[in-house]
Amino acid sequence: MFELHHLAAQELWDWIRRGEATALEVTEHYLARIERLDPALGAFVTVTADAARTRADRLDHLVPTSRPLWGLPSADKDLYDRAGVPTRSGTASLPERPAGADHPLVAALDAAGTVSLGKTTSPEFGMSSSSETRFGVTRNPYDTSRAPGGSSSGAAVAVAAGLLPAAVGSDGGGSVRIPAAATGLVGLKPSRGRVPSMPGRSGVGGLSVAGPLTRSVADAGMLLDALVAPTGLAEPAPYALVTPDVGDGPFTAAAVRGEGRFVVGLLDGSPWDDTVDVVVDPAARAAVETAVRVLGEVGHGVEDVQMPRAPYADAFRVAWESSAARLPMVPGIDLTALTPLVAWLVERGRRLTGTQVLDAMTTLDTFSATLIGAFDRLDAVLSPTLALTPRPLGWYGDDPDEDFRRQCAYSPWTSMANVAGLPAITLPVGVTADDHPDGGGLPMGVQLIGRPGGERVLLAIGAQLERRLRWQRRHPAAWTA
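Remember, it's a predicted structure, so these values are computed and weren't measured experimentally.

A. Structural view of the overall build of the protein. From N to C terminus, the protein includes 15 helices and 13 strands. Computed over the C-alpha atoms, the radius of gyration of the protein is 21 Å, within 12% of the 23 Å expected from 2.2 N^0.38 for a compact globule of 481 residues. Considered along the principal axes of its C-alpha atoms, the protein spans approximately 60 × 55 × 50 Å. Taking all 481 residues of the protein together, the buried fraction comes to 60%. Sequence separation of at least 24 residues holds for 80% of the intrachain contacts in the protein that already meet a minimum separation of 6. When the accessible surface of the protein is summed, it comes to about 17,800 Å², and 53% of that surface belongs to carbon and sulfur atoms. Each charge class in the protein was averaged separately, 43 positive and 54 negative side chains, and the resulting centres sit 2 Å apart.

Written out as structure tokens, the structure is:
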């Protein structure tokens, strides 16, 4: 039986625009699914049902416009403030009080016409790929004994299970791509400076950028267009970097057309190989093999490319630790209530000297130049997104040093795109076989890293793979519940 959540985000937007469904009808449909299904999944930490109904009803009394996400249900990752709603940041260390003003990303989504249904879960301060917080556990809808990854945990689960048509997460080391890969979604991290509402150099190293989590490549293009120009017009960008604009026209057009023949590099190695024992599961290799086969079938060239050898791991660890060092300055924070990992990062970060942090940033800048130079002859570079299948709940453990090591071993190819500011997309090309030790049907994704400003190329390649592999038809059990 057809239901509204079966529509892609683009289709749903078109239905609302043409009057085949109202924003309020769509909002009520998704709120009902959240109420029924989310207690078993834990995708939302806060549901703002009354505010969502009021907002949807208001939009229905306005003339539908060309705003890129008009009437579409959305949600805010619980790291970003929405006025009047508590921002819990996945932590018990902060007092629960309503935010006083909207974060620029939240304001941009409102300007694009979305209806926020609440706040989606994130691990503590977004500093982990775990989905277990002091507020409960966020579960992978493909296997609820497994984690969806993080830090955009709730956003990914909500989209995969049909609790949202699409969502926007943030990615500082893989936080969009990791949960997208673990839940069978498309996850796009744009180039540094591409999204005006996310300052290009905020935080140490300018690692984090907002990006789409969607069920299809076309929907990812649609959300990226909305993030870049929420009102459909050029956005003022007083603090964004200037990003190279490779290609013409909207990102949605590139994602729908899926045109072009490109040279794709098949990556050997990762930047963590010298410090972490990276073990690649056969299912991850199989996903890459599937992508290589289809790339060849549609006419792309595939060449081997070696991971350049340049210092990385220690410098990235310093960047991550130093970003935690500022947490004691957050008003009202109770440091004794932090999780073991974040408390450990804070402690290590506070021991760092300014010289150590500056040296690490210099090392990462050198790494970025080396990586971009090594990939320059290629239109995109292919790797697994994750080295392992979606992890069982509790896998990270309670020892902070081991927790951090396991995060790096699980996603050894994601953070380097943040460091270098490159666009990267994960595509859900496959699932584990029935005879896999972890069981069959678990999503397995591949990652494509593009040139600076090369999102259109990644979307075009993704569209070509999607046409052959039809992953947008693959859903977890909750989809039909």
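B. Spotlight on the sheet that holds strand S1 (residues 44-47). With mixed pairing, the three strands of this open sheet are ordered in space as S1-S3-S2. Bordering the open sheet on either side are S1 and strand S2 (73-77), each of which pairs with just one other strand. Going from strand to strand, the sheet's axes swing by 35 degrees on average, the running direction of each strand aside.

C. Quick look at the packing of helix H11 (residues 340-351) against helix H13 (residues 400-410). Running from N to C, H11 and H13 cross one another at 95 degrees; their axes reach a closest spacing of 9 Å. With respect to H13, the element H11 is oriented roughly perpendicular. Note on element contacts: H13 touches H11 through Pro400, Asp401, Asp403, Phe404 and Gln407, opposite Pro340, Leu341 and Trp344. Looking at side-chain class alone, the contact of H11 with H13 contains five nonpolar, one polar and two charged residues.

D. Quick peek at the packing of aromatic side chains. In total, this model carries nine aromatic pairs according to the counting rule given. Each ring, one from tyrosine 312 and one from phenylalanine 367, has its centre 4.5 Å from the other, and the planes form 45 degrees; the classification is tilted. You can see tyrosine 312 sitting in the loop between strand S10 (301-306) and helix H10 (313-324) and its partner phenylalanine 367 sitting in helix H12 (residues 354-375), a full 55 residues away along the chain. Since its relative accessible area comes to 3%, tyrosine 312 is described here as buried. Residue class for phenylalanine 367 comes out buried when judged on its relative accessible area of 1%. Ring centres of tryptophan 344 and phenylalanine 404 lie 6.2 Å apart, and the angle between their planes is 50 degrees; this geometry places the pair in the tilted category. Of the two residues, tryptophan 344 sits in helix H11 while phenylalanine 404 sits in helix H13, which places them 60 residues apart along the sequence.

E. Quick peek at the nonpolar core. Of all hydrophobic cores here, the largest spans 89 residues; its most connected members are Trp272, Met416, Leu427, Leu448 and Ile461. Broken down by element, this core gets its largest block of residues, eight residues, from helix H15 (residues 455-469). With sequence-adjacent residues up to four places away left out, methionine 416 is seen in contact with Leu267, Pro271, Met307, Tyr312, Phe367, Leu371 and Ile449. Leu12, Ala21, Leu37 and Ala226 belong to the second-largest nonpolar core, a separate cluster that totals 55 residues.

F. The arrangement of the sheet that holds S10 in detail. The eight strands lie next to each other as S6-S8-S7-S12-S13-S11-S9-S10, forming an open sheet whose pairing is mixed. On the outer flanks of this sheet lie strand S6 (167-171) and S10, each paired with one strand and no other. Pairs of neighbouring strands in the sheet enclose a mean axial angle of 30 degrees, with direction left out of account. Of the strand pairs in this sheet, S6 and strand S8 (residues 209-214) are connected by five bridges, and their pairing is antiparallel. For alanine 167, the partnering residue across the bridge sits in S8 and is leucine 213. Sheet contacts for H15: strand S7 (186-189), strand S9 (263-268), strand S11 (380-384), strand S12 (424-431) and strand S13 (443-450); angle to S12, the most-contacted strand, approximately 10 degrees.

G. How the structure looks around the pairing of S6. Burial of S6 is extensive: five of the five residues sit out of reach of the surface. Neither face of S6 is exposed, since Ala167, Gly169 and Asp171 on one face and Val168 and Ser170 on the opposite face are all buried.

H. Broad picture of the side chain of arginine 177. With respect to the helices and strands, the residue arginine 177 is situated in helix H6 (residues 177-182). A distance of 2.7 Å separates polar atoms of two side chains, one belonging to arginine 177 and the other to glutamine 447. Among all residues touching arginine 177, those that are not within four sequence positions of it are Asp171, Gly187, Lys189, Thr385, Thr414, Ala417, Asn418, Ala424, Thr426 and Gln447.

I. View of the pairing of S2. Burial within S2 is extensive, with five of its five residues counted as buried. Two elements, S2 and strand S3 (residues 115-120), share four bridges in a ladder whose sense is parallel. The partner of proline 73 across the bridge, within S3, is valine 115. Note that the unit made of S2, helix H4 (residues 104-111) and S3 has a crossover that is right-handed.

J. Layout of the side chain of arginine 194. Looking at the element boundaries, arginine 194 is found in the loop between S7 and S8. At a separation of 3.4 Å, a polar atom in the side chain of arginine 194 contacts the side chain of aspartate 245. Looking at arginine 194, its side chain comes within polar contact range of the side chain of glutamate 455, at 2.9 Å. Leaving out residues up to four positions away in the same chain, arginine 194 has contacts with Leu224, Val228, Thr243, Pro244, Asp245, Phe251, Gly453 and Glu455.

Here is what the cut-offs are and how they apply
Residues numbered from 1 in each chain as written. Predicted model: local features only at pLDDT ≥ 70, side-chain atom pairs only at ≥ 80, totals over all residues. Heavy atoms only, no water. Helix = DSSP H or I, 4+ residues; strand = E, 2+ residues; numbered from the N terminus. Rg over C-alpha atoms; globule rule 2.2 N^0.38 Å. Buried < 20%, exposed > 50% of the residue type's maximum accessible area, 1.4 Å probe, protein only. Contact = heavy atoms within 4.5 Å. Areas by Shrake-Rupley, 256 points an atom, 1.4 Å probe, with all protein chains shown as cover. Lys, Arg positive; Asp, Glu negative; His and termini not counted. Charge placed at Lys NZ, Arg CZ, Asp CG, Glu CD. Pairing = 2+ DSSP bridges. Axes fitted to C-alpha atoms, helices over the stretch in contact; angles between N-to-C directions. Parallel < 35°, antiparallel > 145°, perpendicular 65-115°, else oblique. Nonpolar A, V, L, I, M, F, W, Y, C, P; charged D, E, K, R; others polar. Phe/Tyr/Trp six-rings, centres within 6.5 Å; stacked < 30°, edge-to-face > 60°. Core = buried A, V, L, I, M, F, W, Y, C linked by side-chain atoms within 4.5 Å. Polar contact = N/O pair within 3.5 Å; in protein donor to acceptor, adjacent residues only side chain to side chain. Right-handed = clockwise from strand over helix to strand, strands pointing away.

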